[in-house]
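Summary of the model geometry
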Amino acid sequence: MLDYPALAALAEIIRRGSFDAAAAALGVTPSAVSQRIRNLEERAGAALIDRGPPVAPTEAGARLAAHLENVRLMEAMIEGDAAPHIRIALNADSLASWAMPALQAAPGLLDIVIDDQDHAVDWLRRGLVVAAITTTGRPLPGCNAVFLGQMRYRATASPDFVARHFDTGIHASAMTLAPSLSFNTKDMLQEQWARRKLGCAVTLPLVRIPSSEAFAEATRRGMGWGMNPDALVADDLENGVLVDLDPDLPVDVPLYWQANRMMSDALRPLEDAMKKAAREALLP
């Protein structure tokens, strides 16, 4: 039998980042929270919290906290209790361009994990989220998968950047010298586009911009070329603020909504809203 008050302490520490903040949220003393965690760790036979700094969950701790939130989500569906916390994984470009209106339909308090669309499914596989937007169409064990649509990306740059770096055309020698924007180490879209464009792999000079909106703004300011979603730069392309480096070579990324099957009824309003928003914003 799990100690749910101790699990509640664990979940609050993870959510709020400290024992003191968790104690305040639960209305108990920090020493009481510490004792609950010690008892829970003894029963689990494993460390559940890395005391840091910063304070962070171990893999086992994150799984236990996710279990508690799943239980609370099912209880809320059955009993109509206080809004549960719902943790989902999304890619930053979807959040910035089309998914936000759908998130209003969430039947609880959202806790959004940002990860690349090719990797978001790992959070679901590890049981750390109840749903994810991912490029993986094959349902994970215990999950349902729904095709949302294709998100179109275009290789874009400012006119001044093109004049400075691609004045003789887009070829391998130019690409190896022209700064390329990158969201993070998981972002492979620029490399994929360059390989398709050139017919060979090249090493790109990287400028890290870990924000979708800032990534687009960096492109406008000529800090580098990068793969931007149509939804974020369509006006810029129409107005000449940005140039499409090859209009015949977009990259279409398929997106799927995968969700824990046990939570499907509870998550139905959110899933329906996601499908509706995707129909309006993504390619079929």
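See the structure above.
We now turn to the structure provided with this report. (Residues numbered from 1 in each chain as written. Predicted model: local features only at pLDDT ≥ 70, side-chain atom pairs only at ≥ 80, totals over all residues. Heavy atoms only, no water.)

Nonpolar side chains in soluble globular proteins tend to be buried together. Membership of the largest hydrophobic core comes to 45 residues, with the highest contact counts inside it found for Trp98, Trp193, Trp225 and Met274. For this core, the elements supplying multiple residues, two or more each, are β3 (85–90), α6 (100–103), β5 (131–134), β6 (143–157), α9 (172–175), α10 (189–198), β11 (251–260) and α13 (264–281). Broken down by element, this core gets its largest block of residues, seven residues, from α13. Not counting residues up to four positions away in its chain, the partners in contact with Trp193 are Ala155, Ile170, Met175, Trp225, Met227, Leu245, Asp246, Leu249 and Val251. Grouped together as the second largest cluster of nonpolar side chains are 18 residues, Ala6, Leu7, Ala22 and Leu68 included. (Core = buried A, V, L, I, M, F, W, Y, C linked by side-chain atoms within 4.5 Å. Buried < 20%, exposed > 50% of the residue type's maximum accessible area, 1.4 Å probe, protein only. Helix = DSSP H or I, 4+ residues; strand = E, 2+ residues; numbered from the N terminus. Contact = heavy atoms within 4.5 Å.)

Right, let's talk about the pattern of salt bridges for a bit. Evaluated as defined, the whole model comprises 23 salt bridges. Across the pair Glu59 and Arg63 runs a salt bridge, and its minimum N-O distance is 3.7 Å. Here Arg63 and Glu59 lie together in helix α4 (residues 59–79), a separation of four residues that amounts to about one turn. Accessibility expressed as a relative area gives 35% for Glu59, which makes it partly exposed. For Arg63, a relative accessible area of 42% translates into the label partly exposed. Residue Glu271 is joined to Lys275 by a salt bridge in which the shortest nitrogen-to-oxygen separation is 3.7 Å. Placement of the pair is Glu271 and Lys275 together in helix α13, with a separation of four residues, close to one helical turn. By sharing partners, the salt bridges in this structure join Glu12, Arg15, Arg16, Glu69 and Arg72 into a single network. (Salt bridge = Lys/Arg side-chain N within 4 Å of Asp/Glu carboxyl O.)

Fair warning: the whole summary comes from geometry, so function is off the table for now.
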